[in-house]
Amino acid sequence: MANARKENHSASSRGAYFNTGNGPTIQTIDIGHPVYVGLIDPDAAFWSLVKKDKLADAFSDGAFLKQYRKKQATFSAEMESIRFGLKPSAVYFNPTERCNLNCSYCYIPERMRRNGQHMSRPKLIEALSLLNDYFREILPRGRQPQIVFHGSEPMLCREALFAAIEEYEDHFSFGIQTNGTLMDDEAIQFLTSRGIGIGLSLDGHAGKIADRSRKTWTGDGVFKKVIHNLERLKGYPNYNVICTVTRENMRSLRKIVDFFHDLEVPICMLNPVRCTRQGAREIKPEDHELAINYLMALDRTYDLYEKTGRKLVVANFANILISIVAPTARRLMCDISPCGGGRCFFAVSAKGDLFPCSEFIGLKEFNGGNLFRGEIEKALDSPAFLQVTGRKVEDIDPCFRCAIRHFCGSPCPAEAYEMKGGMDCPGAFCELYEEQARYALRKIADGKEEAYLWDDWDSGTSTTLKIVSL
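As the structure is a prediction and not an experimental result, all values here were calculated from the model.

A.B. asks: What is the right way to read the overall build of the protein from this model?
C.D. replies: On a plain count of helices and strands, the protein comes out with 17 helices and 13 strands. Seen through its C-alpha atoms, the protein measures out along the principal axes to roughly 70 × 70 × 40 Å. Burial analysis of the protein (470 residues in total) assigns 58% to the buried set. By sequence separation, contacts in the protein at least 24 residues apart represent 70% of the contacts at least 6 residues apart. Accessible surface, the protein: about 20,300 Å² in total, of which carbon and sulfur atoms supply 47%. Positive and negative side-chain charges in the protein, numbering 60 and 60 respectively, have mean positions lying 2 Å apart.

Below is the structure:
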């Protein structure tokens, strides 16, 4: 019998030129800078800033191609590792389905927030025991997994929560995201004395703004209670404030930044409202209008830093900036594809059910199993989780042809699924991410990027959620 001929389906091009044959694909983007443009390899997230009058030289001069080839393999390997090589090292833990507030944009269904289930103290401690056993098997020795107690409102389970933290404080790095209304001196002392990461939610610089979307079930505002606790946390390095940006507060972002800075908040997040539920979609800001106001707020953080020498880091923008200057130092895993849900972290509900992320709690089709039945590994490989971990920008239009697709990631899968009808749809705020990436490249061109980053951003790398810097 004749030997079968070995087929070679690859092109014969040696890849000697950009944008043809087997040569690298480099896209030019206008970053809105008077001198520089950006050059990006979308696949590897390799980038460079080139003076506009030298652009033709960059593509025809062999020196730039040589520089690219020198770094391309490293960039590609980093992206492959961050996107597909990570194991879970964190858990969003919802110890209760209930909440004492009725925020208009909440992603947890109202029936759960009104009448849902609490996890008892014994079950909470059992859950941490099971998670501890799991992480001891998969994480390197000495690596502490992270548990972020999340909501609804975790402080409704205060006694069980604090007991669990006391029992397992040597095994996990703990954090808590709270609406701040149930904190008192004793709770603050308990959390701060243990270095627990504390995240508070506040959507405005004044009650008339903040209380539009964050209210009790009887319609009362909670602005004053939250401010009282922010005052008590002043000087504590391990806390942050999350501001959900809606149509109600979008035009106040500069004033909100001033307010947070005056309160000496070290880190905040200006989170575009997640449009998972109809209530959120009703107060969604227009994308292009949000982008304008968002960048004005970022400008204001720089002005305040120049004036006072004290930073207010906007963590979600800082993460986009980090994704450009040092991808492996990312601290948040929402703006990457696939997102961190189901692969860097997962969520546990008050019933022990396992979801890729807290955003999916309330969507039963994304329930991958149950912690108390020993189903973590099963959940990670379940169809429910694989829908999320398999969502890639390469499969989404227009993301697959976008130069900044790996600086954005087209978040959020829960939002795309619920708002637009499928995982292969883009997120709700495409233009906002466009403008943030262009803004970041402008700041790099001007040598100002350090003013927007955590002071210790380059002291090591982190490729999963870090609660102290949320």
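A.B. asks: Teacher, can you tell me more about the packing of aromatic side chains here?
C.D. replies: When we look at a pair of aromatic rings, we describe it by the centre distance and by the angle of the planes. Under the criterion given, the structure shown has 23 aromatic pairs. With a centroid separation of 5.6 Å and an interplanar angle of 85 degrees, the aromatic rings of F18 and F59 are classed as edge-to-face. Taken as a pair, F18 in the segment before β1 (27-29) and F59 in helix α1 (residues 55-60) lie far apart in primary sequence, 41 residues in all. Accessibility expressed as a relative area gives 8% for F18, which makes it buried. Judged by centre distance (4.1 Å) and plane angle (10 degrees), the rings of F162 and F190 are stacked. Note that F162 is positioned in helix α5 (residues 158-168) and F190 in helix α6 (residues 185-193), a separation of 28 residues in sequence. The two residues F162 and F190 agree in class, both being buried.

A.B. asks: It is not clear to me how the nonpolar core should be interpreted in this structure. Could you clarify?
C.D. replies: One broad trend across soluble globular proteins is that nonpolar side chains are buried collectively. F93, L131, L202, F260, L270 and F346 are the most contacted members of the largest nonpolar core, which totals 132 residues. Ignoring any residue separated from it by four or fewer positions in sequence, one finds L270 in contact with C243, V245, L253, V257, Y294, A297, V314 and N316. In this structure, M112, F355, C357 and V388 belong to the second largest nonpolar core, which totals 24 residues.

A.B. asks: Please explain the state of the cysteines as it appears in this structure.
C.D. replies: What makes a disulfide is a covalent bond joining the sulfur atoms belonging to two cysteines. Taken as a whole, this structure holds zero disulfides when the rule is applied. No disulfide involves C99; its nearest neighbouring cysteine sulfur is the one of C103, lying 6.1 Å away. Unpaired in terms of disulfides, C106 finds its nearest cysteine sulfur in C103, a separation of 6.5 Å.

A.B. asks: Whenever I open this one, the packing of helix α9 (residues 253-262) against helix α11 (residues 287-308) confuses me. Can you help?
C.D. replies: A pair of packed helices is captured by two measures, namely the crossing angle of their axes and the spacing between those axes. Running from N to C, α9 and α11 cross one another at 30 degrees; their axes reach a closest spacing of 8 Å. One way to sum up the angle between α9 and α11 is to call them roughly parallel. For the element pair α9 and α11, the recorded crossing hand is right-handed. Contacts between α9 and α11 pair L253, R254, V257, D258 and H261 from the former with L290, N293, Y294, M296, A297, R300, T301, L304 and T308 from the latter. Partitioned by chemical class, the residues of the contact of α9 with α11 number seven nonpolar, four polar and three charged.

A.B. asks: Whenever I open this one, the packing of α11 against helix α17 (residues 430-445) confuses me. Can you help?
C.D. replies: Two elements in contact, α11 and α17, have axes whose closest approach is 8 Å; the angle formed by their N-to-C orientations is 30 degrees. With respect to α17, the element α11 is oriented roughly parallel. Helix-helix and strand crossings are classified by hand; for α11 and α17 the assignment is right-handed. Residues D287, H288, L290, A291, Y294, L295, L298 and D299 of α11 pack against C430, E431, L432, E435, Q436, Y439, R442 and K443 of α17. Looking at the contact of α11 with α17, its residues break down into eight nonpolar, two polar and six charged.

A.B. asks: It is not clear to me how the environment of P42 should be interpreted in this structure. Could you clarify?
C.D. replies: Topologically, P42 is positioned in the loop between β2 (36-41) and β3 (46-51). Residue P42 is classed as buried on the basis of its relative accessible area, which comes to 4%. Taking C-alpha positions, P42 is 9.2 Å from F407, a pair spaced 365 residues apart along the chain. Aside from chain neighbours lying at most four places away, what touches P42 is T25, Q27, C402, A403, R405 and H406.

A.B. asks: Sorry if this is basic, but what is going on with the sheet that holds β1 here?
C.D. replies: Working definition: the strands of a sheet are paired by backbone hydrogen bonds and lie parallel or antiparallel to each other. Taken in spatial order, the three strands of this open sheet run β1-β2-β3, and their pairing is antiparallel. Edge positions in the sheet fall to β1 and β3, since each has one partner strand and no second. The average undirected angle you get between the axes of adjacent strands in this sheet is 30 degrees. The strands touched by α17 within the sheet are β1, β2 and β3, with β3 carrying the most contacts at an inclination of about 60 degrees.

A.B. asks: Can you help me understand the sheet that holds strand β6 (residues 173-178) in this one?
C.D. replies: Sheet architecture is open: 10 strands sit in the order β10-β9-β8-β7-β6-β5-β4-β11-β12-β13, paired in mixed fashion. If you trace the sheet from one side to the other, it starts and ends with β10 (313-314) and β13 (369-370), each paired once. Sheet topology note: the strand β7 (residues 197-201)/strand β8 (residues 239-245) ladder contains four bridges and is parallel. By the bridge assignment, S201 is partnered in β8 with I242. Relative to strand β9 (residues 267-272), helix α12 (residues 315-325) is tilted by about 90 degrees, and along the sheet it contacts β9 and β10.

A.B. asks: Sorry, what's going on with the environment of R121 here?
C.D. replies: Residue position: R121 is located in helix α4 (residues 121-138). Put simply, R121 and R442 are 321 residues apart on the chain and 51 Å apart in space, counted from C-alpha to C-alpha. Excluding its chain neighbours within four sequence positions, the residues that come into contact with R121 are E159, A160 and A163.

A.B. asks: Would you mind showing me how to read α5 here?
C.D. replies: Residues three or four positions apart in an α-helix share a direction because the helix packs 3.6 residues into each turn. A large share of α5 lies buried, amounting to eight of its 11 residues. Of the residues making up α5, those classed as buried are R158, A160, L161, F162, A163, A164, I165 and Y168. Looking at the buried positions of α5, the neighbouring elements they touch are α4, β5 (146-149), β6 and α6.

Conventions and cut-offs
Sequence order as written defines the numbering, with residues in each chain counted from 1. Only residues with pLDDT of at least 70 get local features here, since the model is predicted, and only at 80 or more are side-chain atom pairs given and counted; chain-wide, interface and lining totals rely on the full set of residues. As a convention, hydrogens and water are excluded, and side-chain values are obtained from all of the structure's heavy atoms. The way it works is that DSSP assigns letters per residue, a run of H or I at least four long becomes a helix, a run of E at least two long becomes a strand, and they are numbered from the N terminus. Only protein chains enter the accessibility calculation, which uses a 1.4 Å probe; a residue is then buried when its area is under 20% of its type maximum, exposed when over 50%, and partly exposed in between. Any two residues whose heavy atoms approach within 4.5 Å at even a single point are treated as in contact. In these tables, accessible area is a Shrake-Rupley quantity obtained with a 1.4 Å probe, and a residue counts as shielded only by the protein chains included in the view. Asp and Glu are treated as the negative residues and Lys and Arg as the positive ones, with His and the ends of the chain left uncounted. Working definition for charges: the position is that of NZ of Lys, CZ of Arg, CG of Asp or CD of Glu. The pairing test for Phe, Tyr and Trp rings, Trp by its six-membered ring, is centres within 6.5 Å, and the orientation test on the planes gives stacked under 30 degrees, edge-to-face over 60, and tilted for anything in between. Definition used in this section: a nonpolar core is a set of buried Ala, Val, Leu, Ile, Met, Phe, Trp, Tyr and Cys residues joined via side-chain atoms within 4.5 Å. The criterion for a disulfide is a pair of cysteine sulfur atoms lying within 2.5 Å. Axis geometry follows a simple rule: fit a line to the C-alpha atoms, using only the stretch in contact for helices, then measure angles between N-to-C directions, giving values from 0 to 180 degrees. Throughout, the term roughly parallel applies to angles under 35 degrees, roughly antiparallel to angles over 145, roughly perpendicular to angles from 65 to 115, and oblique to all others. Take the far helix as your reference; a near helix turned counterclockwise from it by less than a right angle gives a left-handed crossing, and one turned clockwise gives a right-handed crossing. Here the nonpolar group is Ala, Val, Leu, Ile, Met, Phe, Trp, Tyr, Cys and Pro; Asp, Glu, Lys and Arg are the charged ones; every other residue, Gly included, is treated as polar. Any two strands are treated as partners once DSSP identifies two or more bridges connecting them.

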